[in-house]
Amino acid sequence: DIQLVIGDVTKPYQTFINDGQAVDYIIHTASVTASKMMVTMPVETIMTAIEGTKNILELAKDKKSKSVKKSKTVVIVIKIYLTIFLDLLKSENAV
């Protein structure tokens, strides 16, 4: 059986997965897709993606999932903005 589970990945997985519920496969495509948010709120947007991914990985570990698939586009965007954010932090600390 395939079951679609919709939940807020920024919250602990226990809010949308029951204790006895088996989770064999996870396809994680949740992300902020509005470019405006990446420009106006880069830190919040990146933290949402990081927290969501952390919660999905905890779900996969705790439920002993067979596979987790993540959207590559989101990972690339996070990497680019995280690099920009870290460079910004370095430049602020250098002042």
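Provided above is the structure to which this section pertains.
Explanation requested: the overall build of the protein in the structure shown.
From N to C terminus, the protein includes three helices and two strands. N-terminal to C-terminal, the α/β element order of the protein is β-α-α-β-α. Per-residue burial for the protein yields a buried fraction of 23% across its 95 residues. Considering only contacts in the protein between residues 6 or more positions apart, those separated by 24 or more positions represent 75%.

What should I look at first to understand the pattern of salt bridges in this one?
Oppositely charged side chains are able to pair whenever their charged atoms sit close together. If you walk through the whole model with that rule in mind, you get four salt bridges. When the shortest N-O distance is used, the salt bridge between Lys54 and Glu51 registers 3.5 Å. Of the two residues, Lys54 and Glu51 both sit in helix H2 (residues 42-62), three residues apart, roughly one turn of that helix. Lys54 gets classed as partly exposed once you look at its relative accessible area, which sits at 37%. The class of Glu51 is partly exposed, set by a relative accessible area of 31%. Of the charged contacts, one joins Lys54 and Glu58 as a salt bridge, the two residues approaching to 3.4 Å between their closest N and O atoms.

How do you make sense of the nonpolar core when you look at a structure like this?
One broad rule of soluble globular proteins: the nonpolar side chains tend to lie buried together. One finds Val9, Tyr13, Phe16, Ile17, Val23, Ile26, Ile56, Leu59 and Ala60 forming the largest nonpolar core, which totals nine residues. No other element matches H2, which puts three residues into this core. Ignoring anything within four residues of it in the chain, the contact list for Val23 reads Ile17, Leu59, Lys63 and Ser65.

I would appreciate a short explanation of H2 in the present structure.
It helps to recall that an α-helix has 3.6 residues per turn; residues three or four apart then point in one direction. With 21 residues, H2 should reach 30 Å at 1.5 Å per residue; the first-to-last C-alpha distance of 30 Å fits that figure. The complete set of buried residues in H2 reads Thr45, Ile46, Ala49, Gly52, Asn55, Ile56, Leu59 and Ala60. Positioned one or two residues after H2, Lys64 has a phi angle of 55°, which is positive.

Rules behind the numbers
- Residues numbered from 1 in each chain as written.
- Predicted model: local features only at pLDDT ≥ 70, side-chain atom pairs only at ≥ 80, totals over all residues.
- Heavy atoms only, no water.
- Helix = DSSP H or I, 4+ residues; strand = E, 2+ residues; numbered from the N terminus.
- Buried < 20%, exposed > 50% of the residue type's maximum accessible area, 1.4 Å probe, protein only.
- Contact = heavy atoms within 4.5 Å.
- Salt bridge = Lys/Arg side-chain N within 4 Å of Asp/Glu carboxyl O.
- Core = buried A, V, L, I, M, F, W, Y, C linked by side-chain atoms within 4.5 Å.
- Expected span 1.5 Å × (residues − 1).

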